[in-house]
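# Coordinate inspection notes
Single-letter residue listing:
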Amino acid sequence: MSSFHRWAGFLLLVFFSTGAVGAEDRTGYYGYGSPATKAEIAGWDIDIRPDGTGLPAGSGSVEDGEMLYEEKCAECHGSFGEGVGRFPILAGGEGTLTDARPTKTVGSFWAHTSTLWDYIRRTMPFMMPESLGDDEVYALTAYVLYLNDLVEEEFVLSYTNFTSVELPNIGNFIPDPRPDTHNTRCMEKCKDPGDIAIISSVLPAKASLVNKWQLEVPAEVLPGQVIYNQYCSICHKSGLGGAPILGDSKDWKNRAAAGMPHMKQRARNGFAGEKGAMPPKGGFINLSDEAVDEAVDFMVGANQ
Ligand code: HEC
Ligand code: HEC
């Protein structure tokens, strides 16, 4: 039996069985089930926020963590967090994030200590999730921080000093400035999927399609390099879609021969050239003309 039939069968069963007691007497829209109790919700609602919200009172030292770690974690993650076999590495990897194969660990990649605390409590040890006491989780978190050289050997992590430990990579997590789209799902007279062209947000199929991916961005003028980094580098750093690469002075020299005003015009309005399509303002049409000009000044200047 297909899973759909099984599922439909289950629904029917529910329908008939609730029908028997009278659906109108039961809680909820479908007439079955009951609201979750506070205690039930509390059992699921165990997430810890970066600011420590959700943490239970308690504490644990690096020293206690070491013993627990050896007993419950090292067989998979290695005594120094180096990872046994294919089990995850928990420590090290600093400075590898731009490598072709970055080593992403708590120390090199993670943003928040709270994620570590939450992760350990929720999922580890792998075979016995949620088996650790709160103080044990504090101690193990402290020890993983210690393995990453982020705290001293004598450190005791507690409810009160929790937010004092910042993970080094936090600064590289930046909010995505694009707005939510709030699209509503089409339920009738919808487009034939065959007619819909999917356009990559970085690689336009045709110049005529580019104004479809207008994004809202603040219009204030920023220095050229900042604008370049945020809005232009996605294509111009790597040459995506045929974009002239920043630093490829030969390519830029040929283009600059037509004059700066011409280039700025093209950057503002977009154009389809021999190599690909440059969307108006790189697709960020809310950027002001002046901001685009500043980015072009920076880009051309960077090639001289
Ligand atoms: C039986 C092997 C095993 C044991 C024992 C174990 N882990 Fe894990 N651990 C894993 C696996 C597998 C993953 C990856 C899970 C996944 O990605 O879904 C993981 C992931 C993690 C991660 C996240 C790593 C990352 O960068 O994504 C942390 C932190 C962690 N474990 C801590 C611990 C701690 C602390 C203990 C001891 C209390 C422990 N683990 C015990 C197997 C184990
Ligand atoms: C979606 C990718 C993409 C983004 C984002 C993008 N560009 Fe381009 N850009 C291109 C492509 C492709 C070309 C080259 C087209 C050709 O010559 O065939 C180009 C060419 C240019 C040129 C050369 C114009 C000339 O006269 O040859 C300038 C200047 C330029 N872009 C500025 C910018 C600025 C400023 C931004 C950010 C505000 C930006 N680009 C963002 C894809 C992009």
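Scroll up to find the structure.
This one's a predicted model, so the numbers in the text were calculated from it and none came from an experiment.

## What to know about the site of ligand 2
Cys232, Cys235, Gly273, Met278 and Gly282 are the nearest of the 32 residues found near ligand 2. A total of five residues in the shell around ligand 2 trace back to one element, the largest contributor, which is helix H7 (residues 224–236). Its residues assigned to classes, the shell around ligand 2 shows 19 nonpolar, eight polar and five charged.

## Side note on the site of ligand 1
Around ligand 1, a shell composed of 19 residues is seen, among which Cys73, Cys76, Met124, Pro125 and Phe126 lie nearest. If you list the elements that add at least two residues to the shell around ligand 1, you get helix H4 (74–77), helix H5 (113–123) and helix H6 (134–147). Of the residues assigned to the shell around ligand 1, the class counts are 15 nonpolar, two polar and two charged.

## Some details on the nonpolar core
Grouped together as the largest cluster of nonpolar side chains are 26 residues, with contacts concentrated most on Leu140, Ala142, Tyr143, Val144 and Tyr146. Of all the secondary-structure elements, those providing two or more residues to this core are helix H3 (62–72), H5 and H6. The element contributing the most residues to this core is H6, with ten residues. With residues near it in sequence (within four places) discarded, Tyr143 still touches Val62, Gly65, Glu66 and Tyr69. Ile227, Leu246, Leu287 and Val296 belong to the second largest nonpolar core, which has 16 residues in total.

## A short note on H3
Every buried residue of H3 is listed here: Val62, Gly65, Leu68 and Tyr69. One side of H3 holds all its buried residues, which, seen down the axis, span an arc of 120°. Opposite the buried face of H3, at more than 90 degrees from it, the exposed residues are Met67, Glu70 and Glu71. If you follow the buried residues of H3, they end up packed against strand S1 (59–61), H4 and H6.

## Focus on unusual backbone geometry
Negative phi characterises most residues that are not glycine, and trans characterises most peptide bonds. Following Met124, the chain continues into Pro125 via a peptide bond in cis, with omega recorded as -5°. Position of Pro125 relative to the elements: it lies in the loop between H5 and H6. Of note, the phi angle at Lys189 is positive, near 45°, even though the residue is not glycine. Along the chain, Lys189 turns up in the loop between strand S2 (156–158) and H7.

## What about H6?
The periodicity of an α-helix, 3.6 residues per turn, causes residues three or four places apart in sequence to face the same way. A rise of 1.5 Å per residue sets the reference length of H6, with its 14 residues, at 20 Å; its end C-alpha atoms lie 20 Å apart and thus fit the reference within 8%. Counting buried residues in H6 gives eleven out of 14 residues, a clear majority hidden from the surface. Looking at H6, one finds that the buried residues are Val137, Tyr138, Ala139, Leu140, Thr141, Ala142, Tyr143, Val144, Leu145, Tyr146 and Leu147. The secondary structure elements touched by the buried residues of H6 are S1, H3, H5 and S2.

Procedures and definitions
- The residue count restarts for each chain, going from 1 along the sequence in the order it is written.
- In the order they appear in the text, chains get letters beginning with A and ligands get numbers beginning with 1.
- Local features in a predicted model are, by the rule used here, given only for residues with pLDDT of at least 70; side-chain atom pairs are given and counted only at 80 or more, and totals for whole chains, interfaces and linings are based on all residues.
- Think of it this way: take the backbone, place a C-beta atom on it, and check whether that atom is within 6 Å of the molecule or strand, in which case the residue is near it.
- Secondary structure elements follow DSSP: runs of H or I of four or more residues count as helices, runs of E of two or more count as strands, with numbering from the N terminus.
- In this count, Pro and Cys sit with the nonpolar residues alongside Ala, Val, Leu, Ile, Met, Phe, Trp and Tyr, while Asp, Glu, Lys and Arg are called charged and the others, Gly among them, polar.
- Put simply, a nonpolar core is buried Ala, Val, Leu, Ile, Met, Phe, Trp, Tyr and Cys residues tied into one set by C-beta atoms within 7 Å.
- For every residue, the other C-beta atoms within 10 Å of its own C-beta are counted; 20 or more classify it as buried, 12 or fewer as exposed, and values in between as partly exposed. C-beta atoms are placed from the backbone.
- Here the contact rule is simple: place C-beta atoms from the backbone, and any two residues whose C-beta atoms are within 7 Å are in contact.
- The arc in question is traced by the directions running from the helix axis to the C-beta atoms.
- A helix is expected to span 1.5 Å for every residue after the first.

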